[in-house]
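Architecture and fold: a report
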Amino acid sequence: SDDALDVAEAALPELTALAAMQIEIADAGLLAARVHLVRGRPQAALAGIEASLAAVRGAGATRSFCRIYELEQVYVLIASDRLTEAALLARSISDGFIDAQSDTLAAIADCVAFLADKAAGDALLARGLARARRDDFPMLLWRVPAQATRLCMAALERGIEPDFVRQMIRAQKLAPPPAAG
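What counts and what doesn't
Residues numbered from 1 in each chain as written. Predicted model: local features only at pLDDT ≥ 70, side-chain atom pairs only at ≥ 80, totals over all residues. Heavy atoms only, no water. Helix = DSSP H or I, 4+ residues; strand = E, 2+ residues; numbered from the N terminus. Expected span 1.5 Å × (residues − 1). Buried < 20%, exposed > 50% of the residue type's maximum accessible area, 1.4 Å probe, protein only. Arc of directions from axis to C-beta. Salt bridge = Lys/Arg side-chain N within 4 Å of Asp/Glu carboxyl O. Phe/Tyr/Trp six-rings, centres within 6.5 Å; stacked < 30°, edge-to-face > 60°. pLDDT = per-residue confidence, 0-100.

Structural notes on helix H4 (residues 83–94)
Taking 1.5 Å of rise per residue, the 12 residues of H4 would be expected to cover 16 Å, and the 16 Å separating its terminal C-alpha atoms lies within 8% of that figure. Among all positions of H4, only Leu-83, Ala-86, Ala-87, Leu-89, Ala-90, Ile-93 and Ser-94 are buried. Take H4 and look down its axis: the buried residues cluster within an arc of 165°, on one side only.

Describing unusual backbone geometry
Despite not being glycine, Asp-136 has its phi angle at roughly 50°, a positive value. Tracing the backbone shows Asp-136 in the loop between helix H6 (122–134) and helix H7 (145–158). With a phi close to 55°, Lys-173 is a non-glycine residue in the positive phi region. Topologically, Lys-173 is positioned in the segment after helix H8 (162–172).

Digging into the pattern of salt bridges
It is possible for side chains of opposite charge to pair when their charged atoms get near one another. Following the criterion strictly, the structure yields 11 salt bridges and no others. The shortest N-O distance in the salt bridge between Arg-63 and Glu-70 comes to 3.4 Å. Relative accessible area serves as the criterion here: at 4%, Glu-70 is assigned to the buried category. When the shortest N-O distance is used, the salt bridge between Arg-82 and Glu-85 registers 2.8 Å. Accessibility expressed as a relative area gives 32% for Arg-82, which makes it partly exposed. A relative accessible area of 38% means that Glu-85 is categorised as partly exposed. Taken together, the shared-partner salt bridges connect Arg-91, Asp-110, Arg-127 and Arg-131 into one network.

What about the packing of aromatic side chains?
In total, this model carries 1 aromatic pair according to the counting rule given. Ring geometry for Phe-65 against Tyr-69: centres 6.1 Å apart, planes inclined by 35°, an arrangement best described as tilted. In this pair, Phe-65 and Tyr-69 both sit in helix H3 (residues 63–79), 4 residues apart, roughly one turn of the helix. By relative accessible area, which is 2% here, Tyr-69 ends up buried.

Quick notes on the confidence of the model for the protein chain
For the protein chain, per-residue confidence averages 87 on the pLDDT scale, and 87% of positions sit at 70 or higher. Across the protein chain, H8 holds the top mean pLDDT of 97, while helix H1 (residues 2–38) sits lowest at 76.

Written out as structure tokens, the structure reads:
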């Protein structure tokens, strides 16, 4: 009815303001998650990114809008040593990106899946590092330096993409493993 539409229309400014507040809450949570991640507090980072995702989804954001928050969640899951979950999430969100962005997420997913289960084979590590090299992405796993170091060490021990791995070590200022040469 017209009365119901009038009521709904009158509420639009308030609803729009509420949605904007939810996005601001989400952005604050994203920033908090990043700070906690850099400071080595993965559990606090996880709480922050989960709150961000809840807020942004509560505001009715599209899946594509949520991807930046989900990408941060990937890094937080890696830092929390929830590697399989991180690899699966990276794969699921890579579908929403195009070209190099999708390849970069696939590189992250492959490399993290390798770290989660080294028995999965060197092909996974080789594919992930080759993708990162083709995308000129030496900052692979840069927000989680302990995992990036583990990845570099494994790659150098196996002779996989050694030039690119040395580039990663230099770009991220990682402590070079003994096999770095």
